[in-house]
Structure formats: structure tokens, C-alpha cells
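# Reading the structure
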Amino acid sequence: MSAPTALSKGKKAALKVVADHGVAAGESVAATPIPPEIEKIAPELSGMLRVLTCGSVDDGKSTLIGRLLWDATDLYDDQRETLERGKKVDGGNPDFSLLMDGLVAEREQGITIDIAWRYFDTATRRFVVIDSPGHEQYTRNMASGASHADVAILLVDARHGIKKQTRRHAAILDLVGVKRVILVVNKMDLVDWSESAFRKIEADFETFSWRFGFWEAKAIPTAAVSGDNVARASERMPWYPGPTLLEYLESLPSRVTEPTGPFRFPVQTVLRDSRNDFRGLAGTVSGGSVRVGETVVDALSKRSAKVLRIATMDGELEQASQGQAVAIQLDTDIDVARGAVLSKADARPVTARVLEARMVWLSETAYDPRGSYLLRTATDLTPVSTLKIRSLLDLESLEAHPSDACSTNDIAIGDIALGRPAAIDTFGDAPETGSFMLVDAISGASIAGGVVTAAKAEAAAADENSFVLTRAMLERGLNADLRDRPQTEAEFRRRANEVALILRAAGINVEIESAPDYSI
Amino acid sequence: MTQSISHLDLLEAESIHIFREAAAQFRKPVLLYSIGKDSTVLLHLARKAFWPGKLPFPVLHIDTGWKFRDMIAFRDKTARDFGLDLIVHTNEEGAARGINPIDYAPSVYTDVMKTVPLKQALDKHAFDAAFGGARRDEEASRAKERVFSFRAEGHRWDPRRQRPEMWRLLNGRLGPGETVRVFPLSNWTERDVWRYILREKLDVVPLYFAAERPTVVRNGQLLMRDDDRLTLKPGEEIVNRRVRFRTLGCYPLTAAVESDADSIETVVAETLGARTSERQGRLIDHDQAGAMEKKKQEGYF
């Protein structure tokens with residue numbers, strides 16, 4: 001049994017309003033019940049699932065999702081009418097793919113080049129459908145879509161089975177951390193509802209999917225055009241006793257059901273209320289949970305404090321768990337600011353200087369070994385002192401081929417040396433503090449998205465060749481106006497980052513001296 | 001046993017996270033406040049994100065001069081109640097030229113009295129980020145919108161410049177001349193907005209509730225005559241009808257629906273039981289195919 005969390009369905013029962021801390025508890029919501037007729041029309045759904053759909057236009061992806069919306073959900077009448085009025089396809093069925101249409105430009109090209117988000121509700125659950133393009137040249141779009149998903153639907157045509165593209169897609173899903181995969185074998189009508197055709201594809205799927213870190217991989221035979229096994233069990237495939245696609249989706253655990261992994265709290269910003277001497281660290285718990293009274297540590301400064309209060313506008317909490325956005329007040333001021341990651345003492349993130357990473361190259365500009373890059377982690381932005389591409393991953397063979405070049409849609413394996421330490425995990429241990437975006441320091445563009453496979457505390461070997469921006473150097477002129485340290489530390493760091501970037505652009509390897517310890 | 005977290009709790013936490021990321025990353029953000037139900041939810045979430053501190057940014061209303069009077073009263077009361085730093089901006093030059101929603105085509109009116117003044121206000125105050133209440137479920141072109149939506153110089157939205165967003169990471173580093181629109185309600189649906197208003201007991205503009213109001217039928221739509229600037233055409237007459245509004249905007253462009261729903265509970269029941277999507281009631285959207293996409297490229301929110 002999991003400990004009670006404050007986020008409970010439709011009520012604030014677990015919120016304890018504490019009156020004796022001097023801070024008003026905000027407007028706590030009165031206990032007037034929501035009328036039963038509203039619960040019926042708009043229940044507060046007990047969960048959410050984000051579903052990525054990938055496959056190419058030819059596999060009937062838009063039709064599959066359109067069909068799911070049509071059969072299972074709360075489509076509005078005008079949306080239904082649009083379909084009814086539109087041209088009919090395949091034996092008089094509406095063209096369900098129209099429900100998934102997108103930008104005018106894309107409609108004209110007849111392909112989906114960007115990811116689109118759709119929302120629908122069944123009786124118990126919110127489904128978020130993330131529709132991503134299938135073609136190889138859109139690997140990056142698929143990867144970014146997949147990074148938001150709890151489960152992915154891999155769509156194949158029953159006539160063609162698993163293709164190279166299916167393998168590529170599975171590899172991308174694995175890379176960005178999707179743990180549940182459904183292989184939808186569509187167009188079963190075109191293979192005469194043949195069990196042997198399905199079983200062969202299912203066996204192929206099992207053979208290749210075991211290589212990945214998926215927790216669940218399930219194959220379902222469907223015919224989206226007629227709705228067989230989409231939301232309604234197929235009478236034409238009595239040999240398949242398993243769940244329909246919708247049944248299976250409804251049986252999967254909801255997004256954030258219980259805290260997993262070690263406690264992580266990336267600090268977003270510091271909230272102050274001078275009237276009540278309140279200084280709260282605002283953030284979202286990205287892993288595990290924490291209770292009032294527990295000791296937490298800032299990985300970078302190694303200083304610790306006890307959690308005094310967990311504040312929200314709805315009242316105070318005894319505990320904050322993964323997914324909750326709160327403000328944590330500590331019993332002693334340890335000068336934690338944006339970019340810090342709070343953890344428990346026995347399971348800390350690495351104070352990392354060097355990372356090994358896998359990344360999807362998103363930019364249309366190729367990798368430039370002399371480029372100025374920044375690393376955006378959960379809430380920190382760190383200058384990259386060197387980015388070295390070691391190899392590219394072949395998504396079909398899953399082999400790494402040595403390479404020092406990298407461009408759009410490549411999956412690269414590389415080493416990132418940071419200009420100063422940052423609190424980072426490996427993706428496998430704590431996904432939210434183990435993933436990053438590589439940012440172009442000049443244009444601001446998101447260059448690559450990646451996962452950390454190893455994080456090391458020691459500095460890179462090439463240290464003697466780099467120029468160190470010391471605190472004293474920065475304090476003398478550039479930051480002379482920043483007197484109220486540690487309050488101004490964030491601005492101090494921001495300026496240091498910018499100087500480092502300019503120097504790097506001039507070809508100088510730069511390191512920034514760490515902040516002093518203000519605790520004594 | 002596993003306890004499930006409601007979808008509204010998940011959405012609320014996500015929105016708070018977005019507000020805090022944007023406030024921390026951008027130099028001078030502003031919240032675009034349009035007084036309607038989405039803005040009401042947006043403002044409430046912003047207050048939650050920074051509580052017990054005050055909102056670390058001002059609130060901007062683009063006033064066309066044609067909003068319902070009840071909207072303006074509600075706006076001013078809200079600003080007072082929550083101690084907001086409210087900025088009201090109107091395109092004075094457009095108003096002086098007499099651009100109005102009755103005599104001008106909706107596309108012209110929207111451009112001059114909404115899009116242009118929004119750009120004027122953002123430029124005047126040098127805001128680099130603007131929070132808006134847009135949702136991905138509203139319209140097809142918005143289904144692909146980012147949480148941080150980048151605008152090139154001149155506030156132009158270019159699909160090619162949009163940055164991929166991965167995991168929960170939000171990259172707010174601006175390139176030269178860029179500004180950003182931030183959409184904390186991206187993943188909410190119309191249903192969620194109403195359900196949340198009910199759950200959080202939020203006040204909304206009384207126009208959402210049914211009351212006897214002076215109305216006229218024009219082009220098959222019910223319009224409310226909020227003041228005498230809406231002159232009658234031959235054959236038209238003012239009739240008091242019991243009506244309410246599903247969306248709020250400029251009164252000559254906002255169709256009313258006949259209704260008896262006069263409490264938040266009955267409105268929610270009626271709205272969510274309704275079988276047409278909300279933008280059907282918004283007259284400007286039917287102007288042309290791909291209308292929203294075009295407006296967006298021109299800088300409309």
C-alpha cells in the first residue's frame with residue numbers, strides 16, 4: 001500500500017490546513033460537494049494516459065485514431081457532422097483520418113510533419129493522443145513526441161508486417177524512455193482475417209522487442225476502417241481472445257500513479273512573502289516523495305536542511321510526491337536557488353562535470369565541434385565546454401558506428417564536458433533529472449534532446465588547456481554591481497555563463513570557478 | 001493499493017510548473033487577460049504558482065472598446081481583489097478611425113483592434129514573454145502548438161521556427177528579436193476548464209449565466225445589444241430573451257444562446273452536455289478556411 005498523497009480524487013481531504021505558522025492558508029476550498037449530475041457529465045477522471053501513435057500514412061494511422069475517437073468517445077456533433085458530410089472511403093465509411101488533420105500546409109502535402117495533440121475521455125480516463133510523423137526524415141519529431149508518452153502504438157500493415165521503420169521506431173521509443181509498446185497489426189481485412197499472418201508478425205515483434213527495455217509489449221490485430229478490435233471486439237477474428245485496443249489502453253496504469261525512484265526536487269524559483277518571513281523553494285517533485293521533517297540535501301553545495309513546510313495555496317501538505325508542484329520551506333536558509341536539485345542524503349544526483357549521453361539531433365544545423373552550446377537540464381542551464389561526438393547509432397542494427405559528425409535526425413553517442421558542475425542523474429535512475437536539451441547559445445534553438453547514460457564528477461582531462469574564469473575576476477568589474485550575494489548568485493552565474501560562451505566562440509576553452517560556500 | 005491522481009490535479013500541477021519555468025527564464029513576462037473563463041483559470045493557476053508571493057508579472061488586457069460592459073466591470077473587480085498590476089491597452093489610432101465590429105469585416109476588425117494593439121502593447125513595455133490561455137483542443141492548427149511558442153521579430157509565428165519540446169524541459173533561451181507566447185493550459189480541454197472552475201469555486205463573468213437580456217437576431221445569430229452603438233437594421237427588433245454566452249468577446253461578434261442555466265452548476269451541466277464544440281459560437285472563425293492558422297501567422301494570439 002502506498003502512503004497517502006495529497007493529490008486525491010476530487011477532494012482536498014489530505015490537505016491539512018495549518019493555522020499556526022503565521023502564513024494564511026490561502027482560500028481553502030469549501031467542502032460543498034459537486035452535484036451528482038455534473039459528476040456524470042464531467043467526472044474528475046481518475047487518470048490520464050498519453051499515447052503516442054507512430055507509423056506511416058500508408059499504415060492507416062489517422063484512420064485508426066479517428067476510429068478510436070469515433071467509437072469510444074465524446075466527439076462533438078459538429079465534428080461528427082464534418083465527417084458525415086465529407087467524402088466517404090472504403091465501403092461508405094466516413095474518412096476518419098479527417099479528425100486528425102492538421103495545418104493547411106501539411107494537408108496539402110498529404111503528410112504529417114509535426115506532432116499533433118488530441119484529447120478524449122472515456123468513462124474513467126483522459127487519453128492524450130500524440131500523433132507523430134512516420135517517415136525517416138522526421139525521426140526528430142517522433143522522438144520529441146515520444147518523450148511525452150506513457151505508451152506507444154506501433155502501427156504496421158498486416159500485409160507487410162514489421163518493417164525497418166518499425167524497428168527504428170522501437171529504438172527511438174526505448175531511447176526516450178517509453179516503457180510500454182503496443183503493436184497494432186492493422187488492415188487485417190486485407191489478409192482475410194488470417195490468424196497465421198498475425199501470429200507471424202507477433203512472433204517477429206517479440207523477437208525484436210526483447211532487446212529493448214520495454215516493460216510490456218503487446219500485439220493486437222485490427223481493421224481500423226471497420227473498427228474491428230479498435231473499440232469493439234472483432235467477430236471476424238474469433239481466434240484472437242485478447243483485449244481490443246481500447247480495452248488494453250484502459251487497463252494500463254495511469255500517468256504518475258505512485259512515486260517511483262529516488263526523491264528529486266529541481267528548484268525552479270524562490271518564492272518570498274516578506275509579510276510572513278516566508279522563503280519557499282518552488283518546484284515540481286520529479287521523482288519519489290518527501291515529508292515534512294525529513295532532511296534534504298542540495299547536491300551542488302552539499303549542504304542540508306530539514307523540510308519545515310510544504311506549502312500550496314490550498315493549504316499545507318505533510319508529504320509531496322512525484323508530479324506535485326509545491327513550495328518547500330527549509331528550517332535553515334542554505335541559499336538554494338534555481339538550478340539546484342534537492343534529494344535525500346542517501347541517494348543524491350551526481351555533481352557532474354562530464355556526461356556520457358545519447359541524443360537525437362533535432363537541429364537542421366549539423367554538429368559543430370566549435371559551436372557554443374548550453375545544457376538545459378531540469379531547471380539548470382550550464383555552459384558546455386566541449387561536446388564530442390563519438391559514434392552514431394544505427395537504429396536498425398542497434399550498432400554504434402564511429403563518427404565525429406552528426407546532423408539532423410541522427411542518434412549520436414557522445415561526451416559532454418560542462419563548464420561548471422550540475423546536479424544530474426543517469427536517465428535510467430531518474431528520467432527527469434537525467435534528460436537534457438542541448439541549446440544553441442546564440443540562436444537559442446533546441447539543438448538536440450538527450451539522455452544521460454553516465455555522469456562523472458571529475459573534470460575532463462584537458463583541464464590544463466582551459467582558461468578558468470575565477471570568482472575574483474568576475475567580481476572585479478562585470479559583477480561589481482552584484483553586492484547582495486548569495487541572493488544575486490543566479491545573476492552572477494548567468495553573466496559568467498555568457499562570458500564563457502563568448503570566449504568559447506573565440507576558440508578558448510573555459511571553465512567557471514564554482515560558487516563559494518556561504519554556509520559558514 | 002495504488003491511489004490514482006485525478007486528471008485535473010495532473011493538469012494543475014503541469015500548468016503551475018509551466019508558469020514557474022517561464023517566470024524564471026524570461027526577463028519580463030506578462031499575462032494576457034481576456035476576462036473569459038480560460039483567463040479566469042489561467043489567472044488562478046498563476047496565483048497558485050507563486051503563492052504566497054504576489055504575481056511576479058503584470059496582467060494585460062487588450063480592450064477593443066467593444067467588450068461587454070459586464071466584462072470590464074469584472075476585470076476591474078478582479079484586479080482589485082487580487083491586487084493585480086493591470087495594464088489596459090487600446091489601439092487608439094484604430095478607435096479614432098472608427099474601426100468597429102459592426103461595419104468592418106471581422107478580419108479587418110480583428111487585425112486593427114486586437115492583433116495590432118497586442119503587438120503595440122508588447123513592444124511598448126518590451127515584454128519578452130506573454131502567457132495566454134490557448135488550448136490545443138480548440139482548433140486544428142493549435143493541436144500542434146508548443147507550450148513555449150516562439151515569435152520572430154514583428155511577432156510573426158512561423159511553423160518552421162518552433163522548437164521541439166521534449167520531456168518536461170522547457171527551453172526559453174531567446175534568439176535575437178524573438179519573443180515567446182507561453183500556454184500553460186495547452187493540455188486542458190474546454191471540459192476541464194469548466195470542471196476546474198466548479199471545483200475551485202472560481203467567480204466568472206455573469207454573462208455566462210442566463211438572464212433576461214435585450215437581443216436582436218442577425219444573420220441567424222442572437223446578439224445582445226449591450227449599448228446603442230448596435231443600431232438596428234430594417235426589420236430587426238429588440239426582444240428580451242433569456243440568454244447566456246458560451247464564450248465572451250466583443251459583443252457584436254459574440255452570439256448568445258437561449259438558456260435557463262443561471263448558476264455555475266447548471267451552466268456547466270448545460271455546456272458539457274452540449275453537443276457542439278465551443279468555437280461554433282465565435283463568428284470570426286468561420287471567415288475562411290484555415291482562418292486561425294492565418295491569423296496566427298499574422299500575430300493574432
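Residues numbered from 1 in each chain as written. Chains lettered and ligands numbered in written order. Predicted model: local features only at pLDDT ≥ 70, side-chain atom pairs only at ≥ 80, totals over all residues.

Let us look at the overall build of chain A. Along its length, chain A carries ten helices and 26 strands. Across chain A, contacts joining residues at least 24 apart in sequence account for 72% of those joining residues at least 6 apart. (Helix = DSSP H or I, 4+ residues; strand = E, 2+ residues; numbered from the N terminus. Contact = placed C-beta atoms within 7 Å.)

Turning next to the overall build of chain B. Looking only at helices and strands, chain B has eight helices and ten strands in total. Looking at chain B as a whole, 54% of its 301 residues are labelled buried. In chain B, the share of contacts with a sequence separation of at least 24, taken over all contacts with a separation of at least 6, comes to 76%. (Buried ≥ 20, exposed ≤ 12 C-beta atoms within 10 Å, placed from the backbone.)

Nonpolar side chains tend to gather and get buried jointly when the protein is soluble and globular. Core analysis: the largest hydrophobic core is formed by 209 residues, its most contacted members being Val51, Ala152 and Leu154 of chain A together with Leu31 of chain B. Looking at this core, the element that brings in the most residues is helix H1 (residues 7-25) of chain B, giving ten residues. Among all residues touching Leu154 of chain A, those that are not within four sequence positions of it are Cys54, Gly55, Thr166, His169, Ala170, Val181, Ile182, Leu183 and Val184 of chain A. In terms of nonpolar packing, the next biggest core, distinct from the first, is built from five residues, Leu469, Ala500, Val510 and Ile512 of chain A among them. (Core = buried A, V, L, I, M, F, W, Y, C linked by C-beta atoms within 7 Å.)

A word on helix H5 (residues 139-146) of chain A. Every α-helix carries 3.6 residues per turn, so stepping three or four residues along brings you back to the same face. All names here are of chain A. Burial analysis of H5 places eight of its eight residues in the buried class, which makes it a mostly covered element. Three or more residues of H5 are buried, namely Thr139, Arg140, Asn141, Met142, Ala143, Ser144, Gly145 and Ala146. Tucked into the core, H5 has its buried residues touching strand E1 (48-54), strand E5 (126-131), strand E6 (151-157), helix H6 (164-176), strand E18 (350-361) and strand E24 (446-456).

Looking now at the pairing of strand E10 (residues 278-284) of chain A. Residues and elements named next belong to chain A. Most of E10 is tucked away, with five of its seven residues classed as buried. As paired strands, strand E9 (residues 265-273) and E10 are joined by six bridges and run antiparallel to one another. Within the sheet, the bridge partner assigned to Leu271 lies in E10 and is Gly280. What sits between the antiparallel neighbours E9 and E10 is a turn of four residues, in which Asp277 has the positive phi angle 55°. In this sheet, strand E16 (residues 325-330) lies alongside E10 in antiparallel orientation, the contact comprising four bridges. If you follow Gly283 over to E16, its bridge partner there is Val326. (Pairing = 2+ DSSP bridges.)

Next up on the list: the sheet that holds strand E4 (residues 116-121) of chain A. Through backbone hydrogen bonds, the strands of a sheet pair up, either in parallel or in antiparallel fashion. Residue and element names in this part refer to chain A. Strand order in the open sheet formed by six strands is E4-E5-E1-E6-E7-E8, and the pairing between neighbours is mixed. The open sheet has two edge strands with one neighbour each: E4 and strand E8 (216-221). Going across the sheet, the axis of each strand differs from the next one's by a mean of 25°, ignoring polarity. Sheet topology places E1 next to E6; four bridges connect them, and they run parallel. Each bridged residue has a counterpart across the sheet, and for Leu52 the counterpart in E6 is Ala152. (Axes fitted to C-alpha atoms, helices over the stretch in contact; angles between N-to-C directions.)

Residues and elements named next belong to chain A. Taken domain by domain, chain A holds domain 1 (48-251), domain 2 (265-343) and domain 3 (350-512). The partner domain 3 presents 13 residues to the 14 residues of domain 1 that form the contact. Its residues assigned to classes, the side of domain 1 that touches domain 3 shows four nonpolar, five polar and five charged. (Domains from an automatic or database assignment. Nonpolar A, V, L, I, M, F, W, Y, C, P; charged D, E, K, R; others polar.)

Take the domain arrangement of chain B next. Residue and element names in this part refer to chain B. Taken domain by domain, chain B consists of domain 1 (7-193 + 290-297) and domain 2 (205-282). Each of domain 1 and domain 2 was reduced to a C-alpha centroid, and the two centroids are 24 Å apart. At the level of elements, helix H3 (69-82) and helix H6 (190-200) are the ones that each hand at least two residues to the side of domain 1 that touches domain 2. Of the residues forming the side of domain 1 that touches domain 2, the biggest block, four residues, is contributed by H3. Looking at the side of domain 1 that touches domain 2 residue by residue, the class counts come to eight nonpolar, two polar and eight charged.

Turning our eyes to something else, we now look at the sheet that holds strand E2 (residues 59-62) of chain B. Residues and elements named next belong to chain B. Taking strand neighbours across the sheet as the criterion, the six strands line up as E3-E2-E1-E4-E6-E5 in an open arrangement whose pairing is mixed. Because the sheet does not close on itself, it has two edges, and the strands there are strand E3 (86-89) and strand E5 (148-151). When strand polarity is set aside, the average angle formed by the axes of neighbouring strands in this sheet is 30°. Pairing geometry for strand E1 (residues 29-32) and strand E4 (residues 129-131), over three bridges, is parallel. Across the sheet, Leu31 pairs through a bridge with Phe131, a residue of E4. Contacting E2, E3, E4 and strand E6 (179-182), helix H5 (residues 106-124) crosses the sheet at an angle of about 150° to E2.

Here the focus is the confidence of the model for chain B. All names here are of chain B. Looking at chain B, the pLDDT average stands at 87 and 89% of residues meet or exceed 70. Throughout residues 278-290 the model reports pLDDT below 50, and contacts reaching past four residues in sequence, or to other chains, amount to 24 contacts. In the model output, the complex is listed with pTM 0.85 alongside ipTM 0.88. (pLDDT = per-residue confidence, 0-100.)

Here we take up helix H7 (residues 195-209) of chain A. Residue and element names in this part refer to chain A. The end-to-end C-alpha distance of H7, which contains 15 residues, comes to 21 Å, matching closely the 21 Å that a straight helix rising 1.5 Å per residue would cover. Among the residues making up H7, those that are buried are Phe198, Ile201, Glu202, Phe205 and Ser209. End-on, the buried residues of H7 take up no more than an arc of 105°, which puts them together on one face. Exposed and facing more than 90 degrees away from the buried side of H7 are Ser196, Ala203 and Thr207. In the core, the buried residues of H7 are packed alongside E6, H6, strand E7 (180-186) and E8. (Expected span 1.5 Å × (residues − 1). Arc of directions from axis to C-beta.)

Residue Trp51 of chain B is joined to Pro52 of chain B through a cis peptide bond whose omega torsion reads 5°. Looking at where Pro52 of chain B falls in the secondary structure, it is placed in the loop between helix H2 (37-50) and E2. Residues other than glycine seldom take positive phi values, yet Asn229 of chain A does so here, at roughly 65°. Counting through the fold element by element, Asn229 of chain A comes out in the loop between E8 and helix H8 (245-251).

Attention now goes to the pairing of strand E19 (residues 373-376) of chain A. Residue and element names in this part refer to chain A. Across the two faces of E19 the burial is the same, with Tyr373 and Leu375 and Leu374 and Arg376 all buried. Where E19 lies against strand E20 (residues 381-393), three bridges are found, and the strand directions are antiparallel. Across the sheet, the residue bridging to Leu375 is Thr382, located in E20. Between E19 and the antiparallel strand that follows it, E20, lie four residues.

Time to look at the confidence of the model for chain A. Residues and elements named next belong to chain A. Looking at chain A as a whole, its pLDDT mean stands at 82, while 79% of the residues score no less than 70. Below pLDDT 50 for its whole length, residues 1-31 participates in 63 contacts with residues either more than four positions away or in separate chains. pLDDT under 50 marks residues 102-112. Its contacts with residues more than four places away, or in other chains, come to 21 contacts.

A word on the environment of Val225 of chain A. Within the secondary structure, Val225 of chain A sits in the loop between E8 and H8. Through-space distance from the C-alpha of Val225 of chain A to that of Thr63 of chain A is 6.6 Å; in sequence the pair is 162 residues apart.

So, about the packing of H1 of chain B against H2 of chain B. Residue and element names in this part refer to chain B. It is the contact of H1 with H2, at a shortest axis distance of 9 Å, that shows an interaxial angle of 70°. With respect to H2, the element H1 is oriented roughly perpendicular. Across from Glu12, Ser15, Ile16, Phe19 and Arg20 in H1, the residues of H2 making contact are Leu45, Ala46, Lys48 and Ala49. In the contact of H1 with H2, the residues fall into five nonpolar, one polar and three charged. (Parallel < 35°, antiparallel > 145°, perpendicular 65-115°, else oblique.)

On to the environment of Phe127 of chain B. Residue and element names in this part refer to chain B. Assignment of secondary structure puts Phe127 in the loop between H5 and E4. The buried category is assigned to Phe127, around which 22 C-beta atoms lie within 10 Å. When residues no more than four places from it in sequence are discounted, the contact partners of Phe127 are Lys28, Pro29, Val30 and Leu122.

In this section: the environment of Arg213 of chain B. Residue and element names in this part refer to chain B. Here Arg213 shows up in strand E7 (residues 211-218). On the basis of neighbour counts, which here come to 19 C-beta atoms within 10 Å, the residue Arg213 falls in the partly exposed class. Sequence separation of Arg213 and His7 is 206 residues, and the distance between their C-alpha atoms is 37 Å. If we ignore the near neighbours within four places in the chain, the residues touching Arg213 are Met224, Asn240, Arg241 and Val243.

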